[in-house]
Amino acid sequence: MSRAPIFKKGDIYMSCDNSRCGNTPCKKPMCKKKCCCPDLICANCHKPESCEYFAKGRVQATGKEATLQDRVRMKKAGRANLYSLTPPFPTSNFLLELSNACNHACLFCAHQKMKRKVGKMKPEMVESALRQAYELGTRECGFYATGEPFVVPELPEYIALAKKIGYTYVYLTSNGALATPEKIRAVIDAGLDSIKFSINAPEREMYKFIHGKDDFDAVVEHLKYLTQYRKESGKNFKIYVTGILTRFTENMRGTYFEKFGDLVDQIVFKLVYNQGGYMPEIEHLLKCECDTEKRRGCNLPFDAICVTQEGYLSVENADYENMLIVGDLNKQTLKEAWYSDKMKEVRQMFMSDCLDGCICDCCIHHNDAPAEPLMPEYATKNDDIFNDKLVRMRIKEAGFPYSKLVYVPMAADIVHPGHINILKQAAKLGRVMVGLFSDEAIRSYKPEPYMNFEQRKAVIENIKGVTYVVKQETKDYSDNLKRFQPDIMVHGTDWRKGPLAEVRQKAIDLLATWGGEVVEPEYTQGVSSTEFKAKVRKG
Ligand code: SF4
Ligand code: SF4
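Conventions and cut-offs
Residues numbered from 1 in each chain as written. Chains lettered and ligands numbered in written order. Predicted model: local features only at pLDDT ≥ 70, side-chain atom pairs only at ≥ 80, totals over all residues. Near = placed C-beta within 6 Å. Helix = DSSP H or I, 4+ residues; strand = E, 2+ residues; numbered from the N terminus. Nonpolar A, V, L, I, M, F, W, Y, C, P; charged D, E, K, R; others polar. Axes fitted to C-alpha atoms, helices over the stretch in contact; angles between N-to-C directions. Parallel < 35°, antiparallel > 145°, perpendicular 65-115°, else oblique. Left-handed = near helix turned anticlockwise from the far one by under 90°. Contact = placed C-beta atoms within 7 Å. Buried ≥ 20, exposed ≤ 12 C-beta atoms within 10 Å, placed from the backbone. Pairing = 2+ DSSP bridges. Right-handed = clockwise from strand over helix to strand, strands pointing away. pLDDT = per-residue confidence, 0-100.

Comments concerning the site of ligand 2
Close to ligand 2 lie Gly-276, Gly-277, Cys-298, Leu-300, Val-315, Glu-316, Ile-359, Cys-360, Cys-363 and Ile-364. Per-element accounting of the shell around ligand 2 gives the leading share, 4 residues, to helix H13 (residues 359–365). Considering only residue class, the shell around ligand 2 consists of 7 nonpolar, 2 polar and 1 charged.

Printed below as a string of structure tokens:
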């Protein structure tokens, strides 16, 4: 059977979000990009079971009900015309963030770092968004985004409203801890078509570690009740379990089937990823060993709608700090926001593969490059998005091995072999974070630096072995040490005597409070920035 390729030249890099299907690389001459999942639906596909056309054909041919994956593949099938600045309004992939509150603190989730004000969507916004999207052709909606839907008491009312408006498929994802029998009956009786429990470890102790709450037994009871209520009520809703796999759980898939196989229609596994760029530490601390993805695919700006609890249109449902807001439904219609200049700008960025400065770049390329919000007036400033302290400390406290963070303070105005030696030693101990002195910090104890902070940063961040460069605002290291809680601080032995001895002792004492230590490689004799500068001044 031959299948027509559905993506045009230039679209191919973002054609697939089933990025871990493992298909062989694309052989099409037109495909210049090294895409995340090369050409999974074109005629060169060697694994038709992961192909959306195949899924569609299977459902039509067999008459069997679509699996969860089938639904996703079918949604994407034949939608090549989406990749334009003005794509048709989505018929599905419509998510409403009823609230951004959550009762759990999953290890991989940016919710634990979120600084955005917690709130819930106004009832009039829920109704308005549901009605507008329906009028524009959307027929499926989900009630979840960054929060836990069961924290919202009005959830059954909103499900009933969506069904009354005419939505054919209403669904939600929950961690299940608050889904008591009473609440389950309420949402099912309101007309819910499917419910997915996100269970990120299949046994109690690991669950407690990953979710940050000892709710495993309660969640299993709630899952059992869902199955029981389906039998009792005769209602044909679907029950799914999703497991976001980390390096701690990637080998526990079998246990999922043992524990939940008889209770649910399907178990879906996803490999953890950096949460739309909000959790770059996942790369170092949580990523599965089996995950070889280099580049993530994404269709969201073209075929998904997410309305945040504040009533903003976001490109992405996991937009913890509103970095990807493109419109405000308090001031404009959903249609205006979907076709707004800002939304078109984002689509253009995706189509030209030029995402620099956007958090999507961090997401797609798995990096932690600096990112700015699309509309700063709607975003919450969070300087700690790239701080891995919380996750690292949780792993450390649980006694698992992990990639250590090594803090190396320096001024680096004139980079010499002493710096290189220190950085080399530090890199042997873990990921190196250079605490680079600000210009003011240098001025407080040395003459004016030759290079300003940005120039020095550009040099240091390009030295092999350096993972991060952060600004150190004072000569005293305490603020940055407290903020990042490194496992190790590396400093040459030159600070043992003289004016820095006091700073040294303070750093040692501070690090000890969280089990950190100071490592002091031998000071490289004969090289000193101060001496170099003195020579230069003398001429
Ligand atoms: S993954 Fe879901 S349940 Fe876990 S903390 Fe994040 S929002 Fe809450
Ligand atoms: S962060 Fe951007 S690239 Fe990543 S999934 Fe969301 S919209 Fe797509």
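Brief notes about the packing of helix H3 (residues 123–135) against helix H4 (residues 155–165)
In contact at an axis separation of 10 Å, H3 and H4 are set at 25° when each is read in the N-to-C sense. Our classification of the angle between H3 and H4 gives roughly parallel. For the crossing formed where H3 meets H4, the hand is right-handed. Residue-level contacts link Val-126, Glu-127, Leu-130, Arg-131 and Tyr-134 of H3 to Tyr-158, Leu-161, Ala-162 and Ile-165 of H4. Broken down by class, the residue content of the contact of H3 with H4 amounts to 7 nonpolar, no polar and 2 charged.

Looking at unusual backbone geometry
At Asn-93, a residue that is not glycine, the phi angle is positive and equals roughly 55°. With respect to the element layout, Asn-93 can be found in the loop between helix H2 (68–76) and strand S1 (94–96). Asn-93 sits in the buried class, given 20 other C-beta atoms within 10 Å. Even without being a glycine, Asn-322 presents a positive backbone phi close to 60°. Relative to the helices and strands, Asn-322 is located in the loop between strand S8 (312–314) and strand S9 (325–328). C-beta crowding within 10 Å serves as the criterion here: with 21 such atoms nearby, Asn-322 is assigned to the buried category.

Focus on the packing of helix H5 (residues 181–189) against helix H7 (residues 216–233)
Packing of H5 against H7 leaves a shortest axis separation of 10 Å and a crossing angle of 45°. Taken together, the axes of H5 and H7 lie oblique to each other. Regarding H5 and H7, the two cross each other, and that crossing is right-handed. Side by side, H5 and H7 meet where Pro-181, Ile-184, Arg-185 and Ile-188 of the first sit next to His-222, Tyr-225, Leu-226, Tyr-229 and Ser-233 of the second. Each residue belonging to the contact of H5 with H7 can be placed in one class, and the counts come to 6 nonpolar, 2 polar and 1 charged.

Section: helix H6 (residues 204–211)
Tyr-207, Phe-209, Ile-210 and His-211 are the residues of H6 that are buried. Check the buried side of H6 and you find it contacts H7 and helix H14 (389–398). Remark: Gly-212 follows H6 within two positions and exhibits a positive phi of approximately 75°.

Observations regarding the pairing of strand S3 (residues 169–174)
By the criterion of burial, S3 is predominantly enclosed, with 5 of the 6 residues buried. Across 4 bridges, the pairing between S3 and strand S4 (residues 194–198) is parallel. When the bridges of S4 are listed, Leu-172 appears paired with Ile-195. In this region the chain leaves S3, passes through H5 and returns to the parallel neighbour S4; the handedness of that crossover is right-handed.

Considering the confidence of the model for the chain
Of the residues in the chain, 82% have a pLDDT of 70 or more, and the chain-wide mean is 84. The low-confidence segment residues 1–64, where pLDDT is below 50, has 107 contacts with residues more than four positions distant or belonging to other chains.

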